[in-house]
Amino acid sequence: REHARRSRPIGVLLGSTTPIALAASHCGVALAVPLAHLLGRGRPAVVEFIEIGLFLLPLSASIQLLNGVAVGAARWNVLMLVKILSVAGIAVTIVALSLFGALSVNTVAVTYIGGGLVANVPLLVLLRGSRPWRFVRSVARTGLAFGMRSWLETVAGTGNAYLDQVLMAGLTSSRQLGLYALAVTISGGSGSLVGATANAVFPRVAAGDSQLAARACRVTLAFVILLGVGIAVTSPLVVPFVFGKAFDDAIPMLVILLGASVFSVPN
């Protein structure tokens, strides 16, 4: 009975918002080819995989919807499994490709796209018992109004995170971009902690526990500072050991970005 009671709102939510998400994602599909050529800058492999990523937008939108449902329903066990599979599965595959001498732009792109899709399979458990899906106009209208505002924030956040690398692709050498991409990736490790904390806080703050936001911010800030100091201190040993001495020049960039990451925590 409890499962049925929790599933009915999920059926209404998915039935009311899925059509909007799919319609919006198909706009990206329609622009896939020109965007891929604009961002790919004449590199065939890059253009091809940007196109694939954009063509998969409807599936990505569906996955994001299920992620949102999991957060709202506080299904942390499912979300933790998805995170573990996405990180561990891709990491193991990348290491295996490197050991077998098969590491390339193509194999890495396939690993990230395929691994990301497979890792989200556990989210399908949220569909169990959620039928029938019902379209409720008021829910769709509220979701669209909120989603438009949230979308603007997401675009701004994503642009802030990746615009620098898009611009640098045409302004720097491949080596400089590679060093910077490694530094950004490592320094962004604390983002997983921040994102996980935010996801757990959202439902409770929305339910009225506003004091939790300040407390969570303080605790997360302390952890991110400690984590950043630990990474900065060990990076001269860890980076060359894991990636090779060719990536030593990424360390100064990494230290700067670790300091910058602290200021993103309160946001």
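Scope of this entry: the structure provided in the associated data block.

1. Describing the overall build of the protein
Stage number 1. On a plain count of helices and strands, the protein comes out with 11 helices and zero strands.
Stage number 2. Mapped in sequence order, the helices and strands of the protein form the string α-α-α-α-α-α-α-α-α-α-α.
Stage number 3. What you see for the protein is a C-alpha radius of gyration of 20 Å, in line with the 18 Å of a compact globule of 267 residues.
Stage number 4. Over its C-alpha atoms, taken along the principal directions, the protein stretches across nearly 60 × 45 × 35 Å.
Stage number 5. Burial status across the protein gives 25% buried among its 267 residues.
Stage number 6. Carbon together with sulfur atoms contributes 71% to the accessible area of the protein, which is approximately 16600 Å² in total.
Stage number 7. Counting 19 positive and 8 negative side-chain charges, the protein places the centres of these two groups 17 Å from one another.

2. Focus: helix 6 (residues 105-119)
Stage number 1. The first and last C-alpha atoms of helix 6 sit 21 Å apart over 15 residues, in line with the 21 Å expected at 1.5 Å per residue.
Stage number 2. Of the positions making up helix 6, those classed as buried are Ala 109, Thr 111 and Ala 119. Along the long axis of helix 6, the arc covered by the buried residues comes to 160°, so they all point the same way.
Stage number 3. If you follow the buried residues of helix 6, they end up packed against helix 3 (44-55) and helix 5 (76-99).

3. Structural notes on the environment of Leu 167
Stage number 1. As for its placement among the helices and strands, Leu 167 is situated in helix 7 (residues 137-171).
Stage number 2. Judged by relative accessible area, Leu 167 falls into the partly exposed class, the value being 45%.
Stage number 3. Remark: the alpha-carbon pair of Leu 167 and Leu 39, spanning 128 residues in sequence, is separated by 9.3 Å.

4. Looking at the pattern of salt bridges
Stage number 1. For the coordinates displayed, the defined rule picks out two salt bridges.
Stage number 2. With a shortest N-O distance of 2.9 Å, Arg 175 and Asp 249 are connected by a salt bridge. Taken together, the residues Arg 175 in helix 8 (residues 174-187) and Asp 249 in the loop between helix 10 (211-243) and helix 11 (250-262) connect sequence positions 74 residues apart.
Stage number 3. Since its relative accessible area comes to 49%, Arg 175 is described here as partly exposed.

5. Notes on the nonpolar core
Stage number 1. Counting 12 residues, the largest nonpolar core consists of Ile 10, Leu 14, Ile 63, Leu 66, Val 69, Ala 70, Val 71, Val 78, Leu 79, Val 82, Leu 123 and Leu 126.
Stage number 2. When contributions to this core are tallied by element, the ones reaching two or more residues are helix 1 (2-30), helix 4 (57-72) and helix 5.
Stage number 3. Sorting elements by how many residues they give to this core places helix 4 first, with five residues.
Stage number 4. Leave out the neighbours within four places in its chain, and Leu 123 touches Ile 63, Leu 66, Asn 67, Ala 70, Val 78 and Val 82.
Stage number 5. Among the nonpolar cores identified, the runner-up in size contains 10 residues, and Ala 183, Val 239, Ala 250 and Leu 257 belong to it.

6. Section: the environment of Ala 36
Stage number 1. Note that Ala 36 resides in helix 2 (residues 32-40).
Stage number 2. Since its relative accessible area comes to 0%, Ala 36 is described here as buried.
Stage number 3. In this structure, the C-alpha to C-alpha distance between Ala 36 and Leu 54, residues 18 residues apart in sequence, is 8.3 Å.
Stage number 4. Leaving out residues up to four positions away in the same chain, Ala 36 has contacts with Val 47, Ile 50 and Glu 51.

7. Quick notes on helix 3
Stage number 1. Compared with the 16 Å implied by 1.5 Å per residue over 12 residues, the 16 Å span of helix 3 between its first and last C-alpha is a close match.
Stage number 2. Of the residues making up helix 3, those classed as buried are Val 47, Phe 49, Glu 51 and Leu 54.

8. Some points on the side chain of Asn 120
Stage number 1. Within the secondary structure, Asn 120 sits in the loop between helix 6 and helix 7.
Stage number 2. For Asn 120, a relative accessible area of 16% corresponds to the buried category.
Stage number 3. From its side chain, Asn 120 meets the backbone oxygen of Gly 116 in a polar contact 2.6 Å long.
Stage number 4. Leaving out residues up to four positions away in the same chain, Asn 120 has contacts with Ile 63, Asn 67 and Val 82.

9. Some points on the packing of helix 10 against helix 11
Stage number 1. In the contact formed by helix 10 and helix 11, the axes pass within 9 Å of each other and the chain directions differ by 175°. Classed by the angle they form, the pair helix 10 and helix 11 counts as roughly antiparallel. On helix 11, the residues that touch Leu 221, Val 224, Ile 225, Gly 228, Ile 231, Ala 232, Ser 235, Pro 236, Val 239 and Pro 240 of helix 10 are Ile 251, Leu 254, Val 255, Leu 258 and Val 262.
Stage number 2. Here the contact of helix 10 with helix 11 is composed, by residue class, of 13 nonpolar, two polar and no charged.

10. Section: a nonpolar patch on the surface
Stage number 1. Residues Leu 31, Leu 35, Leu 38, Leu 39, Leu 163, Val 166, Leu 167 and Leu 171 make up a contiguous nonpolar surface patch of roughly 740 Å² in combined accessible area.
Stage number 2. Of all the secondary-structure elements, those providing two or more residues to the nonpolar patch are helix 2 and helix 7.
Stage number 3. Locating Leu 35 in the fold gives a position in helix 2.
Stage number 4. A relative accessible area of 32% means that Leu 35 is categorised as partly exposed.

Reading guide: rules and limits
- Residues numbered from 1 in each chain as written.
- Predicted model: local features only at pLDDT ≥ 70, side-chain atom pairs only at ≥ 80, totals over all residues.
- Heavy atoms only, no water.
- Helix = DSSP H or I, 4+ residues; strand = E, 2+ residues; numbered from the N terminus.
- Rg over C-alpha atoms; globule rule 2.2 N^0.38 Å.
- Buried < 20%, exposed > 50% of the residue type's maximum accessible area, 1.4 Å probe, protein only.
- Areas by Shrake-Rupley, 256 points an atom, 1.4 Å probe, with all protein chains shown as cover.
- Lys, Arg positive; Asp, Glu negative; His and termini not counted.
- Charge placed at Lys NZ, Arg CZ, Asp CG, Glu CD.
- Expected span 1.5 Å × (residues − 1).
- Arc of directions from axis to C-beta.
- Contact = heavy atoms within 4.5 Å.
- Salt bridge = Lys/Arg side-chain N within 4 Å of Asp/Glu carboxyl O.
- Core = buried A, V, L, I, M, F, W, Y, C linked by side-chain atoms within 4.5 Å.
- Polar contact = N/O pair within 3.5 Å; in protein donor to acceptor, adjacent residues only side chain to side chain.
- Axes fitted to C-alpha atoms, helices over the stretch in contact; angles between N-to-C directions.
- Parallel < 35°, antiparallel > 145°, perpendicular 65-115°, else oblique.
- Nonpolar A, V, L, I, M, F, W, Y, C, P; charged D, E, K, R; others polar.
- Patch = residues over 30% accessible without salt bridge, like charges linked within 9 Å, V, L, I, M, F, W, Y side chains within 5 Å.

Function-wise, these values are silent; they only describe arrangement.
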